[in-house]
Amino acid sequence: MKFFVDSADVDAIAELNDIGIVDGVTTNPSLILKSGRDITEVTREICEMVDGPVSAEVVALEADAMIAEGRKLAAIAENICIKLPMTLDGLKACKALTGEGYKTNVTLCFSANQALLAAKAGATYISPFIGRLDDLNIDGMELIGDIRTIYDNYDFDTQILAASIRSANHMKEAALIGADVATAPPGVIKAMAGHVLTDKGLEAFLKDWEKTGQKIL
Ligand code: E4P
């Protein structure tokens, strides 16, 4: 499973990117707001840092305007992936931009039928929002499973990008169910590394090592 960082915080992305586990980045208008930065500037900086697709989202609602915004965003860097909302206009823009050779990410997906339509429109990625479904007591992970089945039934190339991830457990479940990619906030990715037994074990090993009086370096 590929890991995307769901953030427009350059320092937080850099910290994970330096470890070597980042395959891409996703942003959205709310994350740009949170960054306090200009969309073009911050997106360019992220694109220069990360070796992988960086999703930048259009804000127009009508297909022609989405296409124009998408082309403008794509001009920021070669690794831009144009993020489009899951609407009929978004699908139309997706089909056109994919036809022009751009990478596309259809976002705000909450049903298997929406994912089926995005695949028909040639989307590079479909972003089902797990956390926002869970917030409504609807099993977001079940949606990922349904999309996996549908895409595999017809060999669609569209990749499932599990989004709106809220916990390390979501990451494990997305991987088990066969999501191609998961995008998560930096804190969630970092939390995946933690385990109380790792901490306890390390503490005990270091205590014993001290008693040996030896040094490796
Ligand atoms: C995905 O591309 C979105 O930016 C993101 O995952 C939304 O997450 P949220 O529901 O936590 O805002």
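Bear in mind the structure is a predicted one, so any value in this text is a computation, not a measurement. (Residues numbered from 1 in each chain as written. Predicted model: local features only at pLDDT ≥ 70, side-chain atom pairs only at ≥ 80, totals over all residues. Heavy atoms only, no water.)

> Tell me about the overall build of the chain, and name the residues and values.
Summing up its helical and strand segments, the chain has 11 helices and 8 strands in all. The principal-axis extents of the C-alpha atoms in the chain amount to approximately 70 × 40 × 30 Å. Pairs at least 24 residues apart make up 57% of the contacts formed inside the chain by residues separated by at least 6 positions. On the chain, roughly 11600 Å² of surface is accessible, and the fraction owed to carbon and sulfur atoms is 54%. In the chain, 20 side chains carry a positive charge and 32 a negative one; their mean positions are 2 Å apart. (Helix = DSSP H or I, 4+ residues; strand = E, 2+ residues; numbered from the N terminus. Contact = heavy atoms within 4.5 Å. Areas by Shrake-Rupley, 256 points an atom, 1.4 Å probe, with all protein chains shown as cover. Lys, Arg positive; Asp, Glu negative; His and termini not counted. Charge placed at Lys NZ, Arg CZ, Asp CG, Glu CD.)

> Got a sec to walk through the site of the ligand? Specific residues and values, please.
In the vicinity of the ligand, the residues found are Asp 6, Thr 26, Asn 28, Lys 83, Phe 129, Arg 132, Ala 163, Ser 164 and Arg 166. Residue Asn 28 places a side-chain N or O atom 2.7 Å away from an oxygen atom belonging to the ligand. Contact between the ligand and Arg 166: an oxygen atom at 3.2 Å from a side-chain N or O atom of the residue. Its residues placed into classes, the shell around the ligand shows 2 nonpolar, 3 polar and 4 charged. (Near = heavy atom within 4 Å. Polar contact = N/O pair within 3.5 Å; in protein donor to acceptor, adjacent residues only side chain to side chain. Nonpolar A, V, L, I, M, F, W, Y, C, P; charged D, E, K, R; others polar.)

> I'd like to hear about the nonpolar core, residue by residue, with values.
Ile 46, Ile 80, Leu 84, Ile 126, Ile 147, Ala 162 and Ile 165 are the most contacted members of the largest nonpolar core, which has 58 residues in total. Top element by residues in this core is helix α8 (residues 140-154). It accounts for 5 residues. The contacts of Ala 162, once residues within four sequence positions are left out, are Pro 128, Ile 130, Ile 144, Ala 174, Ala 179, Val 181, Ala 182 and Thr 183. If you look at the next biggest cluster of nonpolar residues, it comprises 5 residues, including Phe 4, Tyr 125, Leu 161 and Val 181. (Core = buried A, V, L, I, M, F, W, Y, C linked by side-chain atoms within 4.5 Å. Buried < 20%, exposed > 50% of the residue type's maximum accessible area, 1.4 Å probe, protein only.)

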